[in-house]
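Geometric and topological summary
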Amino acid sequence: MNKKPKKYSVFSLIKNAFSYHENWQPAWDSPEPKKEYEAIIIGGGGHGLTTAYYLAKNHNIKNIAVIEKGWIGGGNTGRNTTIIRSNYLWDQSAALYEHALKLWEGMSQELNYNVMFSQRGVMNVAHTLHDVRELKRRWHANRLNDIDCEWLNTQQVKKFCPVINTSQNIRYPVLGATLQRRAGTARHDAVAWGYARGANAMGVDIIQNCEVTNINIKEGNVTGIETTKGLIKSKKIGVVAAGHSSVIANMVGIRLPLESRPLQALVSEPVKPIIDTVVMSNTIHAYVSQSDKGELVIGAGTDGYTSYTQRGGFNIVEDTITAVVELFPLFSRMKMLRHWGGIVDICPDASPIVSKTHINGLYFNCGWGTGGFKATPGSGWVFAHTIANDEPHALNAPFNINRFSSGELVDEHGAAAVAH
Amino acid sequence: MFLINCPHCGERDQSEFNCGGEAHIVRPKNPLNLTDDQWADYLFMRKNIKGIQFERWNHSNGCRRWFNVVRNTATDEILKIYNIGEKAPQIEGNNPKTPSGEPIIGSGNYSTSFEKKQ
């Protein structure tokens, strides 16, 4: 059963060095599912694991299972470009993402797990007059919401990130940029592993290689799920299945406004430190940062059609690389090492759905689209609150599924685009 | 990434085309009487199927004409292409064995020949 994990420290590192690091205890258990749980989370990615963690920690619900089709963090949590920021336009999103960013700042300490959160700043570059106006509007919106944001002119951009091409003779010259200094990157796998370890220590069962095949409903209440490992009963079920949310929703006849599409990313060969921030451009669709290993991490766009294949078109990658090379001509001869795709669930207003449904005890957390990673802890925090109290948290109340009927959409296409 | 056999131009790369989303969504006949929920359903809600999906495509960088495509979204295999206005064909496709299951081959460069209606 769930043994209390030993605290990681410099002393445990030294101690384990004497036994050639062969005696570390597993970070989490792999139990067989019990017959019944107080709550079940479908999806063992970052958002699902944080939901289980905060259900146990903030709401004292310990008898929880996280059901994962593959392995934890093997979906979009392990496939994104790890950018974290909160410079969203509208109050609703700004509050949600800023809450998440504050949780990121204390995460490594809280989890006793180094998630390598690095507040290296995120720069959103403007290339046209419209960009300048739009980004300045967002800069002011951020300041009104107490989110740190600065405006940099072309010279300041060059000073902050010397490798960028600020020539005014290129097709899309750099006219300025916004900078959020508290934004940055983190080690994505460590986030999943840290929360899995933390949740497991509080008694959460993490069940991998277990696919949900049906959700059982009786008289408008959920009663449990059917899985490839048998029937598991529960009166509260939270679905955090990202690209596969519609597949789960279709089991119970819930209609979601989502389209699942491939989103690609790629990394280059490792080089010495050359870019110490994250540079994003919506207009030419490029964003790039450098990992601690020295690889350039580059994010491409989504394909324009529904697909669950976890691979996208080469033309999408080509477009992104073209833009990156114009902005950073010195990257032009670098070799790309790896390239992959993830399936993102895109909402019409580019905002998530964290909501109750018309079925009692069934909750959905989906629609994060191309930018869910940055919200990982905040998403779990508010979703755990929603599941525990059967009422949304103030932060996720605006992200109700009913907004598509009422018309209260949170249109974040400007802030959500590109940076994933 | 795959090839699409445009009924008018022949087999071309997918990047020449634009996907128009789910096919056979009919605009409500009595818009004045619709509730907000019914409008939301028509405007926003989608099946987003993993498996055999019916969708509209436009050859935007070619003949610029619309047509319907039956595609397996789990493999990107195109099973049938038919004209706008035709009824959705009955297709027994190679659906994933379990709802979220993965096919053996993730994606293929399959294409299909266009069958003209008599």
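Data block above holds the structure.
Below: a short report on this structure. (Residues numbered from 1 in each chain as written. Chains lettered and ligands numbered in written order. Predicted model: local features only at pLDDT ≥ 70, side-chain atom pairs only at ≥ 80, totals over all residues. Heavy atoms only, no water.)

Attention now goes to the pairing of strand β13 (residues 259-268) of chain A. All names here are of chain A. With 10 of its 10 residues buried, β13 lies for the most part within the structure. A two-sided burial pattern is seen for β13, the buried positions comprising E259, R261, L263, A265 and V267 on one face and S260, P262, Q264, L266 and S268 on the other. Taken together, the 10 bridges between β13 and strand β17 (residues 336-346) define a ladder with antiparallel strand orientation. When the sheet's bridge partners are listed, V267 is paired in β17 with R338. (Buried < 20%, exposed > 50% of the residue type's maximum accessible area, 1.4 Å probe, protein only. Helix = DSSP H or I, 4+ residues; strand = E, 2+ residues; numbered from the N terminus. Pairing = 2+ DSSP bridges.)

It is worth spelling out the packing of helix α3 (residues 91-105) of chain A against helix α10 (residues 376-389) of chain A at this point. Residue and element names in this part refer to chain A. Remark: α3 packs on α10, axes separated minimally by 7 Å, with the N-to-C direction vectors making an angle of 110 degrees. Considered as vectors, α3 and α10 are oriented roughly perpendicular to each other. Here α3 and α10 pass one another in a crossing that is right-handed. Between α3 and α10, the residues in contact are L96, H99, A100, L103 and W104 and T376, P377, G378, W381 and V382, respectively. Classifying every residue of the contact of α3 with α10 by side-chain character gives seven nonpolar, three polar and no charged. (Axes fitted to C-alpha atoms, helices over the stretch in contact; angles between N-to-C directions. Parallel < 35°, antiparallel > 145°, perpendicular 65-115°, else oblique. Left-handed = near helix turned anticlockwise from the far one by under 90°. Contact = heavy atoms within 4.5 Å. Nonpolar A, V, L, I, M, F, W, Y, C, P; charged D, E, K, R; others polar.)

Peptide bonds are mostly trans, and most non-glycine residues show a negative phi. Residue and element names in this part refer to chain A. Within the chain, A242 stands out as a residue other than glycine whose phi angle is a positive 45 degrees. Looking at the secondary structure, you find A242 in the loop between β12 (237-239) and α8 (245-251). A relative accessible area of 27% places A242 in the partly exposed class. Of note, the phi angle at D390 is positive, near 60 degrees, even though the residue is not glycine. Here D390 shows up in the loop between α10 and α11 (403-406). For D390, a relative accessible area of 30% translates into the label partly exposed.

The next thing to look at is the pattern of salt bridges. Pairs may arise between side chains of opposite charge once their charged atoms sit close together. As enumerated under the stated definition, the model contains 19 salt bridges over all chains in all. Between A:R403 and A:D349 there is a salt bridge whose closest N-O contact spans 2.7 Å. A residue pair is termed long-range when its members are at least 10 positions apart, and A:R403 in helix α11 and A:D349 in the loop between β17 and β18 (353-356) qualify at 54 residues. On the accessibility criterion, A:D349 (1% relative accessible area) is buried. Note that B:D76 is salt-bridged to B:R71, the shortest N-O span being 2.8 Å. Salt bridges sharing partners connect three or more residues here, namely A:E98, A:K102, A:E105, A:D148 and A:R182. (Salt bridge = Lys/Arg side-chain N within 4 Å of Asp/Glu carboxyl O.)

For the rest of this paragraph, the subject is the sheet that holds strand β16 (residues 296-302) of chain A. Residues and elements named next belong to chain A. Across the sheet, eight strands lie side by side as β5-β6-β4-β14-β15-β16-β13-β17; this open sheet has mixed pairing. The strands lining the two open edges of the sheet, one partner per strand, are β5 (150-152) and β17. Recorded for the sheet is a direction-independent mean angle of 20 degrees between the axes of neighbouring strands. Contacts from helix α5 (residues 129-144) reach β4 (122-126), β5 and β6 (176-180) within the one sheet, and its direction differs from that of β4 by about 145 degrees.

We now examine the environment of B:F67. Within the secondary structure, B:F67 is located in strand β5 (residues 66-72). Measuring from C-alpha to C-alpha, the distance between B:F67 and B:V26 comes to 16 Å, with 41 residues separating the pair along the chain.

Within the secondary structure, A:E318 sits in helix α9 (residues 314-327). For the pair A:E318 and A:N214, spaced 104 residues apart in sequence, the C-alpha separation works out to 40 Å.

In this section: the interface of chain B and chain A. For an interface, size is often stated in terms of accessible area lost upon the parts coming together. The partner chain A presents 31 residues to the 31 residues of chain B that form the contact. Of the roughly 2,600 Å² buried at the junction of chain B and chain A (both faces included), carbon and sulfur atoms supply 51%. By the criterion of area lost to chain A, the three top residues of chain B are B:M1, B:F44 and B:N48, representing 25% of everything that side buries. The partner of A:R255 in a salt bridge is B:D41, and the shortest N-O contact between them spans 3.1 Å. Inspection of the chain B/chain A interface yields 17 residue pairs in polar contact (both at pLDDT 80 or more). Looking at the side of chain B that touches chain A, the elements with two or more residues in it are β3 (18-22), α1 (36-43) and β4 (52-58) of chain B. For the side of chain B that touches chain A, the element with the highest residue contribution is α1(B), accounting for four residues. Residues of the side of chain B that touches chain A, tallied by class, amount to 10 nonpolar, 12 polar and nine charged. (Buried area = accessible area lost by both parts, 1.4 Å probe. Polar contact = N/O pair within 3.5 Å; in protein donor to acceptor, adjacent residues only side chain to side chain.)

It is worth spelling out the nonpolar core at this point. In terms of nonpolar packing, the biggest core is built from 51 residues, with A:I41, A:L49, A:L55, A:I64, A:W104 and A:Y195 touching the most fellow members. Those elements giving two or more residues to this core turn out to be β1 (39-42), α2 (46-59), β2 (64-67), α3, α4 (107-111), α7 (188-201), α10 and α12 (413-416) of chain A. If we skip the residues at most four places from it in the chain, A:Y195 touches A:L49, A:T50, A:Y53, A:Y54, A:M107, A:L111 and A:P377. Counting 33 residues, the second largest nonpolar core, distinct from the first, contains A:C210, A:V222, A:I353 and B:A40. (Core = buried A, V, L, I, M, F, W, Y, C linked by side-chain atoms within 4.5 Å.)

The next thing to look at is the environment of A:W151. Residue and element names in this part refer to chain A. Looking at where W151 falls in the secondary structure, it is placed in strand β5. Of the residues examined, W151 reaches a relative accessible area of 17% and is grouped as buried. Note: C-alpha distance between W151 and H140 (11 residues apart in sequence) is 9.5 Å. Beyond its immediate sequence surroundings of up to four residues, W151 is in contact with A126, V132, L135, K136, W139, Q156, L175, G176, A177 and T178.

Here we take up the pairing of β1(A). Residues and elements named next belong to chain A. Residues of β1 alternate between two faces, with A39 and I41 on one and I40 and I42 on the opposite face, all of them buried. Note that β1 and β2 share four bridges and pair parallel. Bridging across to β2, A39 finds its partner in I64. This β-α-β element, β1 to α2 to β2, shows right-handed connectivity. Bridging between β1 and β12 involves three bridges; their strand directions are parallel. Bridging from a neighbouring strand, I40 pairs with I237 of β12. (Right-handed = clockwise from strand over helix to strand, strands pointing away.)

Residues and elements named next belong to chain A. The strand order β8-β2-β1-β12-β19-β18 describes an open sheet built from six strands, whose pairing is mixed. In the strand order of this sheet, the two ends are held by β8 (205-207) and β18, each with one partner. Between one strand axis and the next, the sheet turns through 15 degrees on average, direction left out of account. Here α2 sits on the sheet and contacts β1, β2, β8 and β19 (362-366); the angle it forms with β2, its principal contact strand, is near 175 degrees.

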